[in-house]
Every structure is written in C-alpha cells, then in structure tokens.
Amino acid sequence: SAVISQKPSRDICQRGTSLTIQCQVDSQVTMMFWYRQQPGQSLTLIATANQGSEATYESGFVIDKFPISRPNLTFSTLTVSNMSPEDSSIYLCSVALAGERQPQHFGDGTRLSIL
Amino acid sequence: GQQVMQIPQYQHVQEGEDFTTYCNSSTTLSNIQWYKQRPGGHPVFLIQLVKSGEVKKQKRLTFQFGEAKKNSSLHITATQTTDVGTYFCAGWGVYGQNFVFGPGTRLSVLP
C-alpha cells in the first residue's frame, strides 16, 4: 500500500474564497483521483489528476471551479474556487497503485465547511 | 450513464447475526471493488472481483460477482462490532464508463 497525506485535514472558509487541498504520496503513482463525499453520502469522482497534462473531469465538474495540478508522480492539488455553502463536503484524494482500474487507496480527506 | 445501486441502505443486526448487502449496476462491469468506511474514516479497499461468477472469501466475509457481471454481493457471517461501517461497491464499466461508487449500505451491530 501507500501512505497518502492530505492537507489540511479540515477548514472553515468564507463564501467566495478559494482553498487548495494538497495530496502527497510516499511513492510514485500514475493514477491519482479526487473525490467529493457529502455528509452521509457516497463518493463522487471529481477528476483524474494526470501528470504532465490537464486533469480529466467527470460530468458536472469543471476546471474553473475545481482546478487541479499534478506537477509530479507523488503530488497533486485540488482547488475549490469561489466557494459557496454547497461546496461544504469532504474532499478525498486516492491513488491506484497498480493501474487505472485497480484498487484505490484513500487519504484521510479534507473536511471543508463554508460559512 | 452508468448507475450502481445497493440494498439495503441501512441494516441493524445483533452481534452474531449474518449480514448481506447487494450491489446492482445498470451496465456490465469490467470489475467490481468493495470498500469499507468506518464512521469518521476514509474508504478502505476490501477486495476486487473480475471474473464472471467469481467468489472470494476473507475470513467471515464472502464476496460474489454475478454471472452477467452486473451484480455483486457481500455476506458477513456472525457479525462483530468491528464490522460496523458503510460498505460500498464500486465498478468500472466495460465500455469505458466512469468509475462509480454505489450509495453504500450502513451496517450497525448491536452488542
């Protein structure tokens, strides 16, 4: 498995501001993903973070709202832009060590509350 | 688009009773994965099934993948309080669809 560190673990933000979440892995991985999980709900894939190219976004998520960086094979960031209360959620990064469709290992998540 | 459903949504059992959760996809899956999320925790990978009709066991947990690769089940024998959590199935569609998580089944085990 891998050690996946997410920062911050939680934050409370004002409406209209932006927050960048970091995800650091202790080994090089090709596949890294970002999810959103609203309280008591399932996980929804936001995007696949691709190293060296633009992230691949799922339907309903756009780059302007959720810009993603992937500068190398161990690190990625997700920014939640121009936040509103509807963005209050847990954001999780995950990695698939063995390839795209292989099991994923998750970070502890970032609990985000918007006032 | 691809949809994955799970039943039941909630299950309360007495410790020692068995538990089963069922997962159904609207499309054929290339594989199915099961994850467990403890309250306040992150999802933890349990198992992956790839072959039609596959059955895998992990101690008290038995996982099945349907013959048509559109459904799956997780059965826990003689539940323990450590089994408490939400069990999610998740799968990749055969035809390049998204990776979709089911809504999960929340298991409570009463001592």
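Residues numbered from 1 in each chain as written. Chains lettered and ligands numbered in written order. Predicted model: local features only at pLDDT ≥ 70, side-chain atom pairs only at ≥ 80, totals over all residues. Heavy atoms only, no water.

Engineer: Describe in detail the layout of surface pockets, supporting the description with residues and values.
Structural biologist: Residue and element names in this part refer to chain A. Roughly 910 Å³ of volume is contained in the largest pocket. Residue lining of the largest pocket: 42 residues in total, with Gln37, Gln38, Gln41, Ser42 and Leu43 positioned closest to the centre. Residue composition of the lining of the largest pocket, grouped by class: 15 nonpolar, 20 polar and 7 charged. Volume-wise, the second largest pocket comes out at about 180 Å³. (1 Å grid on protein atoms, 1.4 Å probe; cavity = no way out; pocket = protein on both sides within 12 Å on 5 of 7 lines; lining within 4 Å. Points joined across faces, edges and corners; volume = space filled by probe spheres on them. Nonpolar A, V, L, I, M, F, W, Y, C, P; charged D, E, K, R; others polar.)

Engineer: Outline the state of the cysteines, supporting the account with residue identities and numerical values.
Structural biologist: Applying the stated rule across the entire model yields 2 disulfides over all chains. Here Cys23(A) pairs with Cys93(A) through a disulfide, and the sulfurs are 2.0 Å apart. Looking down the S-S bond of the Cys23(A) and Cys93(A) bridge, the torsion is 65°, so its handedness is right-handed. With a gap of 70 residues between them, Cys23(A) in strand β3 (residues 19-25) and Cys93(A) in strand β9 (residues 89-96) connect regions that are remote in the sequence. Cys93(A) shares its class with Cys23(A); the two are buried. Two residues, Cys23(B) and Cys89(B), share a disulfide whose sulfurs are 2.0 Å apart. Judged by the sign of its S-S torsion, about 80°, the cystine formed by Cys23(B) and Cys89(B) is right-handed. (Disulfide = S-S within 2.5 Å. Helix = DSSP H or I, 4+ residues; strand = E, 2+ residues; numbered from the N terminus. Buried < 20%, exposed > 50% of the residue type's maximum accessible area, 1.4 Å probe, protein only.)

Engineer: Tell me about the pattern of salt bridges, and name the residues and values.
Structural biologist: All names here are of chain A. One pass over the full model with this rule turns up 3 salt bridges over all chains. Notably, a salt bridge pairs aspartate 87 with lysine 65, separated by 2.6 Å at the nearest N-O pair. Here lysine 65 lies in the loop between β6 (56-57) and β7 (68-72) and aspartate 87 lies in the loop between β8 (75-80) and β9, a separation of 22 residues in the sequence. (Salt bridge = Lys/Arg side-chain N within 4 Å of Asp/Glu carboxyl O.)

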